[in-house]
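# Fold and contact review
Next come the chains, spelled out residue by residue.
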Amino acid sequence: MYLNRRRFLATLGAAATAVAAGAAPARALTAFPARDRGWSAAPPDWQALRARLGTRLVLPADPGYDTARLGFNTLNDGQLPAAVARCASADDVRACLDVARGHGIPIAARCGGHSYLGYSIPDRGLVIDLRLMADVRVLPDGTAEVGAGARLIEVYAALAGAGRLLPAGSCPTVGVSGLTLGGGLGVLTRKYGLTCDRLAAAEVVTADSRLLTASPAAEPDLYWALRGGGGGNFGVVTRFDFATAPAPGLTVFVLAFPAGSVPEVLGAWQPWVAGAPYELWASCQIHGGTPPSCRIVGCYVGDPGAANPLLDRLVTAAGTAPSSRSVSAKDYLGAMKFMAGCSTMTVPECHPTWEGGKLSRTGFVAVSRMLGPTPLDPARVTALMAGRTGVDLLLDSLGGAVGELAPGATAFPHRDSLASAQVYGTATSLSEDPVRTTVNTIRDGLADLGARGAYVNYIDGTLPDWGRAYYGANLPRLRDVARRYDPDGAFAFPQSVTAAPARWAR
C-alpha cells in the first residue's frame, strides 16, 4: 500500500462505520502452488541456518516469533511461517536459499510487510526478512544506493538531507523493495515518473543463490522485469541504485467538497488532471455514503502562487465551491510526511510501534483497477459509491512523465492510464464477507465502466483476470524471465507470473 490511506483519511476527518452487503464474494487465491515432486519432503535444516544467523533466525518456539512474523495487515495474522530469517547481507540471503531450496516450502522476501494478502509472510514457509539491510547512501552524482530493507520514511529522510528526491509512495512504513518492483506510484510520478523508472541497477540473489547485478548493460531482461514485474517473482533484491533528482520546494493541498457534489467534482477532475502540467499530481478521494462525498488531495512541484490558479480552474469547472481549502508550502520531507498523515511526528515516530514509532497496524480489504485514457462516467461512479459507508474509492492521477515511456519499455504496462483506482475498506477479521463483497462489487463495477487493468502492488486474490489485468501484453515476457531465473519455482506464490493461466500469456 503506497499511501497510508486510513491514517491520512482519518487525519482529514474521514470516518468509517459500516459496509453494505452485495453478491457473494469470489473465491480467493490462498494456496501456494505445489512444488516439484522430486524435491525433498524433509524439512529444511534450520539448525544449519542458525549456525550462520544465530538469534537472527527466529523459529516458532523462539522469543520474539509472534512479533517477527507479523505483517502490516492484521487480517493476515493467522499465517504462521516456519522461520523468519533476519538477513544483514546478500550472503545471508544466499545461505537462506541454500538451506530452504528444494524442500517444497514457500520462500518469500519481506521488507515493509505491506503485501495486501500477506504473500511476504507465507504460512509454513521461510520469510527472508531484509529490514537489517536498510542503509541509504547518496553519492556525489546523485545516485542513491538503497538497501532493500529500507522503509520509505528512511529513504526520504536520507535523500532530503542530501537535497535530493525520489518519486515513490507516501506510506512511511512501506518497504522500498515491494513498491519499486511493482512500479511505484506516488505523489511525484507525473513530474518524475514511477519509482521503477528511476532504477539504475539492482543487486539480486536468484533462486540458485547466484548474486547478480541487473542493469541496462548486465542481465538486461532481468532488469526490465524488475521495473514493474512485481515483487517475489524473479529473486531477492538486496540493493537498489536509483537516479535521484534535486529536491525543489513543494506545495500540498486539500480541497474538501460538500456531500452530494461527487458527480460535478469527478466530472471536472478527470479532464483537469489529464491536462494539468507535469508538476501537478492530484487524487480524487470518494467516500461512500448517502450521498457520497469527496475531496481532492495533491502535491505541486513549485510554490502555492503557481498552484492556486490551477486549483481555481478545477473549482470553476466543478461549479461547486469547496467547503474547506488548504494550500501549504512544504519542503520534500515535509510534503512526504504530510501525505503519510504523520506531519506532526519526528522521523523515528513515523515508524511502526514495534520499531519504536507511533504508527500502528490495521486490518483492511483493498482491491484496484486502472483507468484507461478515457474518463469514467461520473454519475455511474457516484452510483457505485452510494450507500457504501465505510468504503473509499481513491483515484490517483497518472499521466505526465509516466506516459512518456511505451507500455513495453518496462514491465509496468499502464502507461496510458489516466489514474489508478483503489477501493479500500476497513475490516477486523477475515470473516467479514460484507466488506470484501462490497469492495469487489465496486471493483467489478469499475471494470464494467472500462477500468479493466489492475495494479500488482494492490494485489487482489479474487481478481478474476489478474494475469492480464496486472501485466497486459508484458505477461509472456515476464513468464519467460521468471522461468529463466527460477526454473524450479522456488519463489512461486498464488499470483506469481508463472501461475497466471496460459491463455493470458499469449
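In this report, the structure presented in the accompanying data block is examined. (Residues numbered from 1 in each chain as written. Predicted model: local features only at pLDDT ≥ 70, side-chain atom pairs only at ≥ 80, totals over all residues. Heavy atoms only, no water.)

Here we take up the layout of surface pockets. In this model, the second largest pocket occupies a volume close to 350 Å³. When contributions to the lining of the second largest pocket are tallied by element, the ones reaching two or more residues are α3 (65-68) and β2 (83-86). (1 Å grid on protein atoms, 1.4 Å probe; cavity = no way out; pocket = protein on both sides within 12 Å on 5 of 7 lines; lining within 4 Å. Points joined across faces, edges and corners; volume = space filled by probe spheres on them. Helix = DSSP H or I, 4+ residues; strand = E, 2+ residues; numbered from the N terminus.)

In this section: the state of the cysteines. By definition, a disulfide links the sulfur atoms of two cysteines through a covalent bond. Scanning the entire structure with this criterion turns up 1 disulfide. Residue pairing for Cys-342: its cysteine sulfur links by disulfide to Cys-350, the two sulfurs lying 2.5 Å apart. In this structure the cystine formed by Cys-342 and Cys-350 twists about its S-S bond by roughly 115°; its chirality is therefore right-handed. Residues Cys-342 and Cys-350 agree in their burial class; the two are buried. Of all cysteine sulfurs in the structure, the one in Cys-111 sits closest to Cys-196, which takes part in no disulfide; the separation is 16 Å. (Disulfide = S-S within 2.5 Å. Buried < 20%, exposed > 50% of the residue type's maximum accessible area, 1.4 Å probe, protein only.)

Attention now moves to the sheet that holds strand β5 (residues 136-138). In spatial order, the strands read β5-β6-β10-β8-β9; together these 5 strands make up an open sheet with antiparallel pairing. Each edge of the open sheet is held by one strand with a lone partner, namely β5 and β9 (211-214). Pairs of neighbouring strands in the sheet enclose a mean axial angle of 15°, with direction left out of account. Relative to strand β6 (residues 143-147), β5 is paired through 3 bridges, and the arrangement is antiparallel. If you follow Val-136 over to β6, its bridge partner there is Val-146. Against the sheet, helix α4 (residues 90-100) touches β8 (199-205), β9 and β10 (236-243), its axis set at about 45° to β8. (Pairing = 2+ DSSP bridges. Axes fitted to C-alpha atoms, helices over the stretch in contact; angles between N-to-C directions. Contact = heavy atoms within 4.5 Å.)

It is worth spelling out the pairing of strand β12 (residues 250-257) at this point. Note on strand geometry: in a regular strand, side chains alternate between the two faces of the sheet. Burial of β12 is extensive: 8 of the 8 residues sit out of reach of the surface. Along β12, one buried face is formed by Leu-250, Val-252, Val-254 and Ala-256 and the opposite face, lined by Thr-251, Phe-253, Leu-255 and Phe-257, is buried too. Across 8 bridges, the pairing between β12 and strand β14 (residues 293-301) is antiparallel. Across the sheet, Leu-250 pairs through a bridge with Val-301, a residue of β14.

Look at helix α2 (residues 46-53) against α4: their axes get within 9 Å of each other, and the N-to-C directions meet at 170°. Considered as vectors, α2 and α4 are oriented roughly antiparallel to each other. Along the contact surface, α2 presents Leu-49, Arg-52 and Leu-53, while α4 presents Asp-91, Asp-92, Ala-95, Cys-96 and Val-99. Tallied by class, the residues present in the contact of α2 with α4 amount to 5 nonpolar, no polar and 3 charged. (Parallel < 35°, antiparallel > 145°, perpendicular 65-115°, else oblique. Nonpolar A, V, L, I, M, F, W, Y, C, P; charged D, E, K, R; others polar.)

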